[in-house]
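Chain by chain, the residues run as shown.
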Amino acid sequence: MPLCTCTDAGSITVAEDPACTRPGAAQLVPIDTEPVVGETPIAALRSWLTPTPLFYVRNHYSVPKIDPADWSLSISGAVSNPTEIPYSDLLRLPKKTLPAMLECAGNNRSDLEPGVPGNPFEDGAVSNAIWAGAPLKPFLQQAGFTPDAVEVLFEGADRGEPAPGRPVVPYQRSLPLQVALHPDTLLVYEMNGETLTPDHGFPVRLIVPRWYGMASVKWLTSIRVLQKSFVGFFQTERYVMEDEAGIDQQISWMAVKSFVNWPEHGTSLPVGRPVAVSGMAWSGAGPVRRVDVSLDGGETWQDAHLDESALGYSWQQWHVDWTPPAPGHYTIVARAADDSGNLQPLETRWNRLGYCVNGSKPVCVTAE
Ligand SMILES: Nc1nc2c(c(=O)[nH]1)N[C@H]1C(S)=C(S)[C@@H](COP(=O)(O)O)O[C@H]1N2
Ligand SMILES: [Mo]
């Protein structure tokens, strides 16, 4: 008999095992419990599509409980027609379906030396899903933003102290007007063909393709058009990274990156037996053009085969066929390049909050 039964809706039916108090999160690699933060397990990083219960979760506060019957999305601020959209109206509009990956800006933070504060993410704060919802653009157009509009602010229903002792604030993030108006910036209500789950933003979340996960505001309740740049904890105190001159810059697009998902680090392979050295690659700046793979710790490189073309904003699967020629230790390194000429660095540039960690991560195997 199973120890517990967890319902899809996110409520608990039997909860003898504390791991079962969070249905989806119970299958993740736990990072934190309140708020829930969990990574996608390594085995699931081999799948192009991340099943919803295995999609990483990054919450800053407790998950808000929202009754969709009471929910509506308001659009206000520098607009001529402020509006409110009920959930049922949103569902009736033309639906757009879009594969898109999300990576938390703090993914792989624990690889940094010296260590930095924040969730100690390893490799799994990244996932890929198929999202569906209504494009945001027509709503903004209908609301009629004024010519001096520069940014659009998105607010979630979740709130709390962003840091100990700080005033309570909701989760808020802004986007430049042209990003908010991008036809693929979506008001999402479905994930992998099913109603969005509470952990991933039920009833409605924003999905901003190409951007690090923090831009895709969950439990969205209000949208405000702004005439000046937004200043707020999650905009200007976190998700910033010092540039070469030491000045904090806001993080936006996902940096070009790849990882090896097969074989696993530390495993032993039989000499003479072919293995498909595989992984994923992506870039927020555009499609992946190339993945270079080294089987000797970076001495020599070869072009990986890019598997079926990445759909929409999903990650790109790649592989190299390899037969370990002789017993010994082998160090596998992958390095991606995107269409805009960005090349994944072999080493990440250290930054104090541990964001955008995209250096190549070697995988060591033994052949016997
Ligand atoms: N309202 C709200 N939206 C949010 C967050 C949050 O804490 N509250 N976390 C952000 C961060 S940092 C990331 S990486 C993504 C994670 O989305 P996921 O939990 O569906 O993977 O949601 C973003 N949207
Ligand atoms: Mo994140």
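Trainee: Break down the packing of aromatic side chains for me, citing the residues and quoting the values.
Mentor: Throughout the structure, instances matching the rule amount to 12 aromatic pairs. Here Tyr61 and Phe234 contribute two aromatic rings whose centre-to-centre distance is 6.0 Å and whose plane-to-plane angle is 80°, an arrangement assigned as edge-to-face. Residue Tyr61 is found in the loop between β5 (57-58) and β6 (72-77), and its partner Phe234 is found in helix α4 (residues 233-237); the two are separated by 173 residues along the sequence. Accessibility expressed as a relative area gives 5% for Tyr61, which makes it buried. Accessibility expressed as a relative area gives 3% for Phe234, which makes it buried. With a centroid separation of 5.0 Å and 75° between ring planes, the pair formed by Trp322 and Tyr330 is classed as edge-to-face. One aromatic cluster is present, formed by Tyr61, Tyr171, Phe233 and Phe234 through successive ring pairs.

Trainee: Describe in detail the sheet that holds strand β3 (residues 29-32), supporting the description with residues and values.
Mentor: Pairing is antiparallel across the open sheet formed by three strands, whose spatial order is β3-β4-β5. Looking along the sheet, the strands with just one partner apiece sit at the ends: β3 and β5. As defined by bridge partners, strand β4 (residues 37-39) adjoins β5 across two bridges and the pair is classed as antiparallel. For Val37, the partnering residue across the bridge sits in β5 and is Arg58.

Trainee: Let's hear about the sheet that holds strand β24 (residues 316-322): which residues, and what values?
Mentor: One open sheet accounts for four strands, arranged β18-β20-β24-β23; its pairing is antiparallel. Lying at the two open borders of the sheet, with one neighbouring strand each, are β18 (257-262) and β23 (305-306).

Trainee: So what about the pattern of salt bridges? Which residues, and what values?
Mentor: For the structure on display, the rule yields 15 salt bridges. For Lys96, the salt bridge goes to Asp184, with nearest N and O atoms at 2.8 Å. Taken as a pair, Lys96 in strand β8 (residues 96-103) and Asp184 in the loop between α3 (177-180) and β12 (186-191) lie far apart in primary sequence, 88 residues in all. Connected through shared salt-bridge partners, Asp111, Asp123 and Lys361 make up one network.

Trainee: A description of the environment of Gln235 should follow, citing residues and the corresponding values.
Mentor: The residue Gln235 is located in helix α4 in this model. Linking Gln235 and Asn261, residues 26 residues apart in sequence, is a C-alpha distance of 32 Å. For Gln235, the contacting residues outside a window of four places in its chain are Arg173, Ser174, Phe230, Val240 and Gln250. Within polar-contact distance, the side chain of Gln235 engages the backbone nitrogen of Ser174 at 2.7 Å.

Trainee: Help me get a handle on the pairing of strand β25 (residues 328-338), residues and values and all.
Mentor: Of the strand pairs in this sheet, strand β21 (residues 288-294) and β25 are connected by six bridges, and their pairing is antiparallel. Along β25, the bridge assignment pairs Val293 with Ala334. Two strands pair when backbone bridges link them, and β25 and strand β26 (residues 363-367) are joined in this way by five bridges, in the antiparallel orientation. Pairing of His329 across the sheet is with Thr366, part of β26.

Trainee: Explain the nonpolar core to me, using residue names and the numbers behind them.
Mentor: By size, the foremost hydrophobic cluster in this structure holds 75 residues, and its most contacted members are Leu90, Trp131, Leu140, Phe154, Leu187 and Ile223. When residues of this core are assigned to their parent elements, the largest contribution, five residues, is made by β12. Residue contributions to this core reach at least three from each of two domains, namely domain 1 (33-250) and domain 2 (254-367). Once residues lying within four places of it in the same chain are set aside, the contact partners of Leu187 are Leu73, Leu90, Ala132, Gly133, Ala134, Leu136, Phe139, Val204, Arg205, Leu206, Leu220 and Ile223. Counting residues in hydrophobic clusters, the runner-up holds 21 residues, among them Val277, Ala281, Trp322 and Ala336.

Cut-offs applied
Residues numbered from 1 in each chain as written. Chains lettered and ligands numbered in written order. Predicted model: local features only at pLDDT ≥ 70, side-chain atom pairs only at ≥ 80, totals over all residues. Heavy atoms only, no water. Phe/Tyr/Trp six-rings, centres within 6.5 Å; stacked < 30°, edge-to-face > 60°. Helix = DSSP H or I, 4+ residues; strand = E, 2+ residues; numbered from the N terminus. Buried < 20%, exposed > 50% of the residue type's maximum accessible area, 1.4 Å probe, protein only. Pairing = 2+ DSSP bridges. Salt bridge = Lys/Arg side-chain N within 4 Å of Asp/Glu carboxyl O. Contact = heavy atoms within 4.5 Å. Polar contact = N/O pair within 3.5 Å; in protein donor to acceptor, adjacent residues only side chain to side chain. Core = buried A, V, L, I, M, F, W, Y, C linked by side-chain atoms within 4.5 Å. Domains from an automatic or database assignment.

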